[in-house]
Amino acid sequence: MKDITVLILAGGDCSRVWPLEEKHFLQFCGRPLISYPISQLIRHGLTNFVIVTNKNNNEMFERLTATFPGASFVLTQQGQKPGMAQAVISAKEHITGKKLLVIGPSDIYEDILLVDFKKMLAKNPEGLLAGTAVSGYFPGAYLSLDRGMVVKIVEKPDPDKTPSQIINFVFDYFRNSNSLLESFDKIKTDKDDLYERAIDYLLGKGMEFRFLPYKGYWGFLKYPWDVLSLSAYFLGKIEGKNIGKAEIAESAVISDRVYIGDGVKIMENVKITGPSYIGRGTIIGDNCVIRESHIGDNCVVGYTSEIARSHIGNRCWFHHNYIGDSVLADNVSLGAGAVTANFRLDEQPVSSVVNNKKIKTGKTKLGMIAGENVRIGVNAAIMPGVKIGCNSYVGSGVVLDKDLPAGKFCSLVSNSYQVAENKIFK
Amino acid sequence: MKDITVLILAGGDCSRVWPLEEKHFLQFCGRPLISYPISQLIRHGLTNFVIVTNKNNNEMFERLTATFPGASFVLTQQGQKPGMAQAVISAKEHITGKKLLVIGPSDIYEDILLVDFKKMLAKNPEGLLAGTAVSGYFPGAYLSLDRGMVVKIVEKPDPDKTPSQIINFVFDYFRNSNSLLESFDKIKTDKDDLYERAIDYLLGKGMEFRFLPYKGYWGFLKYPWDVLSLSAYFLGKIEGKNIGKAEIAESAVISDRVYIGDGVKIMENVKITGPSYIGRGTIIGDNCVIRESHIGDNCVVGYTSEIARSHIGNRCWFHHNYIGDSVLADNVSLGAGAVTANFRLDEQPVSSVVNNKKIKTGKTKLGMIAGENVRIGVNAAIMPGVKIGCNSYVGSGVVLDKDLPAGKFCSLVSNSYQVAENKIFK
Amino acid sequence: MKDITVLILAGGDCSRVWPLEEKHFLQFCGRPLISYPISQLIRHGLTNFVIVTNKNNNEMFERLTATFPGASFVLTQQGQKPGMAQAVISAKEHITGKKLLVIGPSDIYEDILLVDFKKMLAKNPEGLLAGTAVSGYFPGAYLSLDRGMVVKIVEKPDPDKTPSQIINFVFDYFRNSNSLLESFDKIKTDKDDLYERAIDYLLGKGMEFRFLPYKGYWGFLKYPWDVLSLSAYFLGKIEGKNIGKAEIAESAVISDRVYIGDGVKIMENVKITGPSYIGRGTIIGDNCVIRESHIGDNCVVGYTSEIARSHIGNRCWFHHNYIGDSVLADNVSLGAGAVTANFRLDEQPVSSVVNNKKIKTGKTKLGMIAGENVRIGVNAAIMPGVKIGCNSYVGSGVVLDKDLPAGKFCSLVSNSYQVAENKIFK
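Residues numbered from 1 in each chain as written. Chains lettered and ligands numbered in written order. Predicted model: local features only at pLDDT ≥ 70, side-chain atom pairs only at ≥ 80, totals over all residues.

A. Looking closely at the overall build of chain A. Summing up its helical and strand segments, chain A has eight helices and 42 strands in all. On C-alpha atoms alone, chain A measures out to a radius of gyration of 24 Å, which is about the 22 Å that the 2.2 N^0.38 rule sets for 426 residues. Over its C-alpha atoms, taken along the principal directions, chain A stretches across nearly 95 × 45 × 40 Å. Within the span of chain A, comprising 426 residues, buried residues form 53% of the whole. (Helix = DSSP H or I, 4+ residues; strand = E, 2+ residues; numbered from the N terminus. Rg over C-alpha atoms; globule rule 2.2 N^0.38 Å. Buried ≥ 20, exposed ≤ 12 C-beta atoms within 10 Å, placed from the backbone.)

The structure is reproduced here in structure tokens:
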């Protein structure tokens, strides 16, 4: 494996995960998302990395890769053009003529994929494409198979024209990267599918791509609510009780499969149901209930708050709130009585607007998505699936039923109440 | 007693109990209301029943009466005309020439009434009218008495013209039903008082009606809030602790006089104060308090909800709510932070609109009355005495201050808040 | 000390503490504020009092002074003219020719001031002015000093022209009151500074005023939120556990430094963090948390309420509320879900309007100030620093963002929600 160069394509923009930012560095159980696949690849013997970054995350990657001394990293920023193919081209000088494994950075998979990959490498294939079966339509690349070999790849076919149920998540091996690099010049496309069409071109020319089947958990971070599924996956890895140097009231009830960091304070009558993660220095106030949730470092979950199936960043403040099925970035606070609605009255699946397009989330339970530094006033309510941009404030009593862009202050209209004489006391 | 035919008049419409429906079948402690008097009558030796039904409840009565194998039942639907007399006439063929006991189906009384009735029967009276003293005006039939005999009956006299303080609740005996049936033809009235005027006619003709005095609890279901008094009565019958196969957290505090059905789950720090009834399969979540309330089967009372002096049907969902002095039919749910206001700021008695007429409920504490399938959004508030029709939704944050008809969706106006730049972050 | 007459100036109006009233009689730990300095002075040997009252509080003072049998009191009402000098003149006949100590009634200080005063008296000074160093500007009288002697006094100088950092709080001694009384005639001023200018006149004439330096706690009640600082001071005096004849649930957790009066009931899972004071007959309901707060007599703190750093009068009712950094007079009630916002979303200090002028409170945490008999509906929210006049009601769901005068009823506008067909059920 040591002679393979792993190419991580992390130079794309993150507009689809708005209001979250820099999705590769969102923290799960104390570590950035991207650190999980990197650790995993190193653990399985892949130690040469080329990472295509962008101008926003390049420095973050520099700091992160310094924490993996056992591997070598080359960082290179993606050029002005977007897309996977352009990302590969940006790394041209570092990969030319090498054995190449291209991976998508926010994909998460079980170790068995690496084990099977290694086995399949023994046959010295020209190429190798991983895939997994999906139920329902997924907006990605579909593979057609024939006796273990890939025969065709189609990027985002019409939902009624999918050639199979097999999705290619990006874990693509090329015995010689030149085949891929050279094929880019042969294709003309004005869509965002040059990478897949290049592979399809190679398939057409007779290059043999083995199919690497995968049946385990496949996590990805395409939309902001995908954080919830990833979070549940990482929480699911917690076993037993993992309690650091924490102060825990005697009346607190903490189930199995709960991780509690150093410096945590847990007050009277708290209940924590696993799997849950409570980051360092966080305070869980009296009578709070945490159910199957991830709470970052140095948060204050104040009196009588309930957090259920949610992913909370660092330095968030709560006080007498209900947070259900929600994703909160760092430094978000809610005033007393503010709640998330996580279920429509008509019990229908929740939709959401992404890049100006209304899309189905497929979820019947979905709360809010809040970017960094959001403040929400007392007794406010956030409707299912509503997203709030960084640095925005939601005033007291507002029922927010639409996405709020970044840097806004939304408040009740000024004439929401009227004043008259109180006849009782006249 | 076996030669007496009991005639139950259950064919009337239930518009006055709106938004509740089929009042005879509202469940109290796991049984429909009507089953209580039927059981009681059978227990005291009355086993021949004729029930006047309507097209909505006829099938329900068929199913119900099948559960009383020791008695015989004839069901007959009321004709198109409303009123008690018409109900009696509808049953003519089943009662002609028989000893007849006419009872109102939603009246509830103590066993002593039956005991006294039996004693009085020993004197073989021509007729017998039960009554009880009321304080304040009651819109029903008043009796004038003379040495143990009824001398006059007046239906709904003017409040300042009541002949006595004695109300005739419908528990009326006729040694021969023909007297009653024949007198109907003699009266002409365009009001809804033919039944009472027929009795008054018989009194005028010299027929002797003994007065059967009653001093115990008299329950009735005229208006929907009467459910609260009935519920308190049935709860009052619970003695000791009655705990089925239930999971109860150690920290839960359950007082005496609480019934807990099979399959109930009671979580941490719950407090239940008797008399209270918790139906089968219901979950009482962490930190909830139930005080003197009736909760049906398969409800979920979520985290930090308080239910006080209320009657809750089956399959209702709560989550961080306060429900006080309220009546909820089956399948009602409230979002987090939704509350009932059960007390006016000016501490005055609560009024309510019934059949387009504002009437006094006489109660200073009264919450909401919700029909089946009502959904109430997060942080909504329902004002005292407000009624919500079946299948209606109350949007998040709405302060509902008027009755809401069935099948409506009420929501905050769309311009309830405004969005501006957040100058703090500019 | 016995030959000194203490002149207490309590005849001024209290408009600056609106919506609170009769500030000298606000209760702290079961006693009116004014009783603290009176007790303290008596304890240090000062037993002759002249109190200048006004027509509203004269009777209150009569009742109060009767409870100090060891001292003699003369009450005299202030004339029509306002101001300190006029107050002194009102008492002329009772103080002429006497040793005089003038004190401001709502100033609170430690015993050390009295000890030092006594020591300084040994030198038989002509006059003596107490003062304390302040950080930041204080709108009061500033002193210029020279080797332990006062050389000048200036009332409310411009903030950039303060002669020192030493504030004269009113604890002023005159060996012969005539010096002060006579000087009043010499000054012409149309401002409210005759008292200070008279002293300054005496200084100019060569009368020697020693400076009595004070470094301990100095409490005062100028604005209504000053109650919070005074309350914290008095609570700070509570040591150990002081639990009267009270019913306390086993699951309640009560810290050190908590005073609990007779007849108090504390229910399940309550937590009280000291220093806190719970007055006689008060009920603390299930799951409530009281943190560093003063709660008067006969209050009901209902289910799941949190009261933090607040001063609550007698006979107040709460129910599922959050009350933070707030001052409530007697007989205030809040419906379920009503909350105080005590922190601005932008984390800026809270301003407040006093006598039509917006002033800075200097506090970043400040909740509401409510006068007597205020009622607040369910799910209402009161914005930081908002004041509510006596006998006013705030309707359910209102977000009150401005002061509400006395005797008003404020409610949501009537068209706050709309009703449409519920298409789900059509």
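Back to the text.
B. A look at the relation of the copies chain B and chain C. When chain B is brought onto chain C, the operation consists of a screw motion whose angular component is 120° and whose axial shift is 0.0 Å, with 0.1 Å RMSD remaining. The superposition of one copy onto the other is thereby described by a three-fold rotation axis. (Least-squares fit on C-alpha atoms with pLDDT ≥ 70 in both.)

C. Fine view of the packing of helix H6 (residues 177-184) of chain C against helix H7 (residues 194-204) of chain C. All names here are of chain C. For the pair H6 and H7, interaxial distance at closest approach is 9 Å and the crossing angle is 110°. Judged on the interaxial angle alone, H7 and H6 are roughly perpendicular. Note that H6 runs across H7; the crossing there is right-handed. Residues Ser 179, Leu 180, Ser 183 and Phe 184 of H6 lie in contact with H7, whose contacting residues are Leu 194, Ala 198, Tyr 201 and Leu 202. (Axes fitted to C-alpha atoms, helices over the stretch in contact; angles between N-to-C directions. Parallel < 35°, antiparallel > 145°, perpendicular 65-115°, else oblique. Left-handed = near helix turned anticlockwise from the far one by under 90°. Contact = placed C-beta atoms within 7 Å.)

D. Structural view of the interface of chain B and chain A. At the interface, 28 residues of chain B touch 30 residues of chain A. Tallying contributions element by element places strand S42 (residues 417-421) of chain B first for the side of chain B that touches chain A, with five residues. Note: strand S41 (residues 408-412) of chain A against S42(B), five bridges, orientation antiparallel. Bridge pairing in S42(B) links A:Ser411 to B:Gln418. (Pairing = 2+ DSSP bridges.)

E. Representation of the sheet that holds strand S24 (residues 294-295) of chain C. All names here are of chain C. In space, the eight strands of this open sheet follow the order S15-S18-S21-S24-S27-S30-S35-S38, with parallel pairing throughout. The sheet terminates laterally at strand S15 (241-243) and strand S38 (387-388), the two strands that pair on one side only. Across two bridges, the pairing between strand S27 (residues 311-312) and strand S30 (residues 327-328) is parallel. Counted as the bridge partner of Ile 312 is Leu 328 from S30.

F. Just the interface of chain B and chain C, in detail. With 29 residues of chain B in contact, the opposing surface of chain C contributes 28 residues. Broken down by element, the residue count for the side of chain B that touches chain C peaks at five residues, all from strand S41 (residues 408-412) of chain B. Split by residue class, the side of chain B that touches chain C holds 17 nonpolar, nine polar and three charged. (Nonpolar A, V, L, I, M, F, W, Y, C, P; charged D, E, K, R; others polar.)

G. Examining the domain arrangement of chain A more closely. Residue and element names in this part refer to chain A. By the assigned domains, chain A splits into domain 1 (4-222) and domain 2 (227-410). Using only C-alpha atoms to locate each centre, domain 1 and domain 2 end up separated by 32 Å. On the side of domain 2, 23 residues touch domain 1, which itself brings 14 residues to the contact. Looking at the side of domain 1 that touches domain 2 residue by residue, the classes come out as nine nonpolar, four polar and one charged. (Domains from an automatic or database assignment.)

H. Summary view of H7(C). All names here are of chain C. In terms of residue burial, H7 counts as a mostly covered element, since nine of its 11 residues are buried. The set of residues buried in H7 consists of Leu 194, Tyr 195, Glu 196, Arg 197, Ala 198, Ile 199, Asp 200, Leu 202 and Leu 203. Elements in contact with the buried residues of H7: helix H3 (84-90), strand S9 (141-146), strand S10 (149-155), H6 and strand S13 (209-213). Trailing H7 by a residue or two, Gly 206 shows a phi angle of about 100°, which is positive.

I. Summary view of the nonpolar core. By size, the foremost hydrophobic cluster in this structure holds 401 residues, and its most contacted members are A:Leu7, B:Leu7 and C:Leu7. The residues contacting A:Leu7, other than those within four sequence positions of it, are A:Val50, A:Val88, A:Ala91, A:Ile95, A:Leu100, A:Leu101 and A:Val102. (Core = buried A, V, L, I, M, F, W, Y, C linked by C-beta atoms within 7 Å.)

J. Expanded view of the pairing of strand S33 (residues 350-354) of chain B. All names here are of chain B. As paired elements, S33 and strand S34 (residues 357-363) share five bridges and run antiparallel to each other. Across the sheet, the residue bridging to Val 350 is Lys 363, located in S34. Counting the residues in the hairpin turn of S33 and S34 gives two residues, including Asn 355, whose phi is positive at 45°.

K. Representation of the environment of A:Lys186 in the model. Assignment of secondary structure puts A:Lys186 in the loop between helix H6 (177-184) and helix H7 (194-204). With 207 residues separating them in the primary sequence, A:Lys186 and A:Tyr393 have C-alpha atoms 51 Å apart.

L. Examining the sheet that holds strand S21 (residues 276-278) of chain B more closely. Residues and elements named next belong to chain B. Strands sit in the order S15-S18-S21-S24-S27-S30-S35-S38 across an open sheet of eight strands; the sheet is parallel. Here the strands that pair on one side only, and so sit at the sheet edges, are strand S15 (241-243) and strand S38 (387-388). Note: strand S24 (residues 294-295) against strand S27 (residues 311-312), two bridges, orientation parallel. For His 294, the partnering residue across the bridge sits in S27 and is His 311.

M. Representation of the environment of B:Leu64. Residue and element names in this part refer to chain B. Inspection of the secondary structure assignment puts Leu 64 in helix H2 (residues 58-65). Take Leu 64: there are 19 C-beta atoms within 10 Å of it, and that puts it in the partly exposed class. Once the C-alpha coordinates of Leu 64 and Ile 42 are considered, the two residues, 22 residues apart in sequence, prove to be 14 Å apart.

N. Layout of the pairing of strand S8 (residues 127-133) of chain C. Residue and element names in this part refer to chain C. Taking burial as the measure, the seven residues of S8 include six buried ones, the bulk of the element. Here S8 pairs with strand S12 (residues 171-174) via three bridges, running antiparallel. Each bridged residue has a counterpart across the sheet, and for Leu 129 the counterpart in S12 is Asp 172. Bridging between S8 and S13 involves five bridges; their strand directions are parallel. What sits directly across from Gly 131, in S13, is Pro 213. Relative to strand S11 (residues 166-168), S8 runs antiparallel, the two being bridged by two bridges. Residue Thr 132 lies in a different strand from S11, and its bridge partner there is Ile 167.

O. Summary view of H6(C). All names here are of chain C. If you check which residues of H6 are buried, you get Ser 177, Leu 180, Leu 181 and Ser 183. The arc that holds the buried residues of H6, viewed along the axis, is 165°, so those residues lie on one side. Of the surrounding elements, those touching the buried residues of H6 are H3, helix H4 (92-95), strand S6 (99-103), S12 and H7. (Arc of directions from axis to C-beta.)

P. Up close: the environment of B:Lys161. Residues and elements named next belong to chain B. By the element assignment, Lys 161 lies in the loop between strand S10 (149-155) and strand S11 (166-168). Classification of Lys 161 as exposed rests on a count of 8 C-beta atoms within 10 Å. Taking the C-alpha atoms as reference points, Lys 161 and Asp 172, 11 residues apart in sequence, are found 23 Å from one another.

Q. Looking closely at the confidence of the model for chain A. When pLDDT is averaged along chain A, the result is 95, and 100% of the positions lie at 70 or above. For this predicted complex, the interface confidence score (ipTM) comes to 0.93, while the overall pTM stands at 0.95. (pLDDT = per-residue confidence, 0-100.)

R. Focus on unusual backbone geometry. Residues B:Trp18 and B:Pro19 are joined by a peptide bond in cis, for which omega reads 10°. Relative to the elements of secondary structure, B:Pro19 occurs in the loop between strand S1 (4-9) and strand S2 (27-28). Although it is not a glycine, B:Lys156 sits at a positive phi angle of roughly 35°. As for its position among the elements, B:Lys156 is in the loop between S10 and S11. You can call B:Lys156 partly exposed: it has 16 C-beta atoms within 10 Å. Located in the positive-phi region is C:His320, a residue other than glycine, with phi close to 60°. One can find C:His320 in the loop between strand S28 (317-319) and strand S29 (322-324). You can call C:His320 buried: it has 30 C-beta atoms within 10 Å.

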